[in-house]
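Commentary on secondary and tertiary structure
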Amino acid sequence: KVKELQDALLEVGEALPRWGADGDLGNETFAALNSLLCKHGRTVDPDPNVVSDSELAFVYALRDQLRVDHGVKPPAKLIDRRQLAKLDLDRGPRPITDVKGACLHQTACYLSASKDPARCDGIGAHFVVYPDGTVYWLHDVTRRIVHGNEWNGQTYGIEIDGLFAGVEGDPATVWDNPKTPYTEKAGSLTPEQVEAVKQLLRWQNAEIRRQGGDQQLIVAHRQASGERSNDPGSKVWKEI
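Residues numbered from 1 in each chain as written. Predicted model: local features only at pLDDT ≥ 70, side-chain atom pairs only at ≥ 80, totals over all residues. Heavy atoms only, no water.

Quick look at the side chain of Gln193 now. Its location among the elements puts Gln193 in helix α4 (residues 191-210). Look at Gln193 and you get buried, because its relative accessible area is 0%. A polar side-chain atom of Gln193 sits 3.2 Å from the main-chain carbonyl oxygen of Val129. (Helix = DSSP H or I, 4+ residues; strand = E, 2+ residues; numbered from the N terminus. Buried < 20%, exposed > 50% of the residue type's maximum accessible area, 1.4 Å probe, protein only. Polar contact = N/O pair within 3.5 Å; in protein donor to acceptor, adjacent residues only side chain to side chain.)

See the structure below:
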């Protein structure tokens, strides 16, 4: 049983550098267990000689989840532009344990219309998802990027390229750009975007778990800003 615990600790990324999985419940095993519990915000048992049933259950549940997550693949059309993205809205690193989930946005325009992916590089988000399902990766989720008001600190941002009605089917809830001489009309969320965002969420969930974090939230920009009542549109919630 001790060796099974040690094997599980190694599988979830903890270290047993001196003795490895030797079947001996010593200080090195407890240090690895306590490290794992702390990373996930769980209380460490003050008794240094006992591994509780709840601690064992947590370690094995995390191991089993990671085994499932290892089969999760990134979006099929993922393009890495992290080396090209602008850093104007980058406020520095943050621990993976601060990343509690994803914040969904809409670009309120069509970046994809220009056919130039460089239009994405200055966007305040970690990912941009085009109508054809292409996902542009701009920043690691461990970077704090200005994208969603009060959500900045605890989420990564996903911009869905397009202009969607705040309430699907209601033209009055479509944002009208004051800089254009015409009235904007709502576009359509594509099946390719829906599938790409789902793949992205699953992939990042697996990666965050692998690094010792825990994704708990999928939120909307509108939930943190009274000026973003249509961001993103209601169809985003229904489809994704």
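Ranked by internal contacts, the top residues of the largest apolar core, which has 22 residues, are Phe127, Val129, Val141, Tyr156, Ile158, Ile160 and Leu200. Secondary-structure elements contributing two or more residues to this core are β3 (101-106), β4 (127-129), β5 (135-137), β7 (155-160) and α4. Ranked by residues supplied to this core, first place goes to α4 with 7 residues. Setting aside residues up to four positions removed in sequence, Ile158 forms contacts with Ala102, Cys103, Leu104, His105, Phe127, Val129, Leu200 and Leu201. Core analysis: the second largest hydrophobic core is formed by 16 residues, Phe30, Leu36, Phe58 and Tyr60 among them. (Core = buried A, V, L, I, M, F, W, Y, C linked by side-chain atoms within 4.5 Å. Contact = heavy atoms within 4.5 Å.)

With that settled, consider helix α3 (residues 53-69). Look at α3: 24 Å from first C-alpha to last across 17 residues, which is about the 24 Å you get at 1.5 Å a residue. Residues Glu55, Phe58, Val59, Tyr60, Leu62, Arg63, Leu66 and Asp69 constitute the buried set of α3. Those residues of α3 that are buried lie in contact with α1 (2-11), α2 (27-39) and α4. (Expected span 1.5 Å × (residues − 1).)

Let us look at the confidence of the model for the chain. Interpreting fine coordinate detail is not advised for predicted regions of low pLDDT. Averaged over all residues, the pLDDT of the chain equals 90, while 100% of them reach at least 70. Taking the mean pLDDT of every element in the chain, the minimum, 86, falls on α3 and the maximum, 98, on β4. (pLDDT = per-residue confidence, 0-100.)

Throughout the structure, instances matching the rule amount to 9 salt bridges. Here Asp7 ties to Lys3 by a salt bridge, and the two come within 3.1 Å at their closest N and O atoms. On the criterion of helical spacing, the pair formed by Asp7 and Lys3 is a turn pair, its members being 4 residues apart in helix α1. Measuring nitrogen to oxygen at the nearest pair gives 2.8 Å for the salt bridge that ties Arg210 to Glu207. Of this pair, Arg210 and Glu207 both sit in helix α4, 3 residues apart, which is roughly one turn of the helix. Overall, the relative accessible area of 22% leaves Glu207 in the partly exposed class. What you see here is one network of salt bridges that share partners, running through Glu4, Arg63 and Asp64. (Salt bridge = Lys/Arg side-chain N within 4 Å of Asp/Glu carboxyl O.)

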